[in-house]
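Structural characterization, general
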Amino acid sequence: MDQVFVFEVEDSRASGWSAEIAVRARRPAEAFRILRDAGLRKSQFTRGIRPTWSMSPDELGDLLSARRMARRLLDDEGWTPWSAVEDGLALNWRDAPRRR
């Protein structure tokens, strides 16, 4: 049965340089591989290969039905709402446009 594993990562698109990425997978190692295959560098993970926390897929509703990943950013006002990670989005913070 799938779970949603949440990893905290560095992300230049967030004013706090931090994001959480939720990945639907059967095991934490599989979720980590999905993120690495999507372009995240190992140095971006704040806790290494371990997820920060996990949740049931139901907690994100339909957000993960079509895609396997969702993301929220830590901004000056706090965490943004969860949103689907679009195809082609550069997850590597070096490839992403920076916020000013």
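Up top is the structure these notes are about.
Residues numbered from 1 in each chain as written. Predicted model: local features only at pLDDT ≥ 70, side-chain atom pairs only at ≥ 80, totals over all residues. Heavy atoms only, no water.

Notes on the nonpolar core
Of all hydrophobic cores here, the largest spans 18 residues; its most connected members are F7, I21, L35 and M69. Broken down by secondary-structure element, the contributors of at least two residues to this core are β1 (3-10), β2 (18-25), α1 (28-37) and β4 (69-75). Excluding residues within four positions of it along the chain, M69 makes contact with I21, A22, V23, I34, L35, A38, L64, A84, V85 and L91. (Core = buried A, V, L, I, M, F, W, Y, C linked by side-chain atoms within 4.5 Å. Buried < 20%, exposed > 50% of the residue type's maximum accessible area, 1.4 Å probe, protein only. Helix = DSSP H or I, 4+ residues; strand = E, 2+ residues; numbered from the N terminus. Contact = heavy atoms within 4.5 Å.)

Some thoughts on the pairing of β1
Relative to β2, β1 is paired through eight bridges, and the arrangement is antiparallel. Bridging across to β2, V4 finds its partner in R24. Alignment of β1 against strand β3 (residues 53-55), held across three bridges, turns out to be antiparallel. Pairing of V4 across the sheet is with M55, part of β3. (Pairing = 2+ DSSP bridges.)

Some words on the packing of aromatic side chains
The full count for this structure, using the stated rule, is three aromatic pairs. For the pair F7 and F45, a centre-to-centre distance of 5.7 Å together with 80° between the ring planes defines the contact as edge-to-face. Separated by 38 residues along the polypeptide, F7 in strand β1 and F45 in the loop between α1 and β3 bring together distant segments of the chain. Considered together, F7 and F45 belong to a single accessibility category, that of buried residues. Pairing F32 with F45 gives two aromatic rings, centres 4.9 Å apart and planes at 55°, and the pair type is tilted. Placement of the pair is F32 in helix α1 and F45 in the loop between α1 and β3, with a sequence separation of 13 residues. Of the two residues examined, F32 and F45, each falls in the buried class. A network of ring pairs unites the aromatic residues F7, F32 and F45 as a single cluster. (Phe/Tyr/Trp six-rings, centres within 6.5 Å; stacked < 30°, edge-to-face > 60°.)

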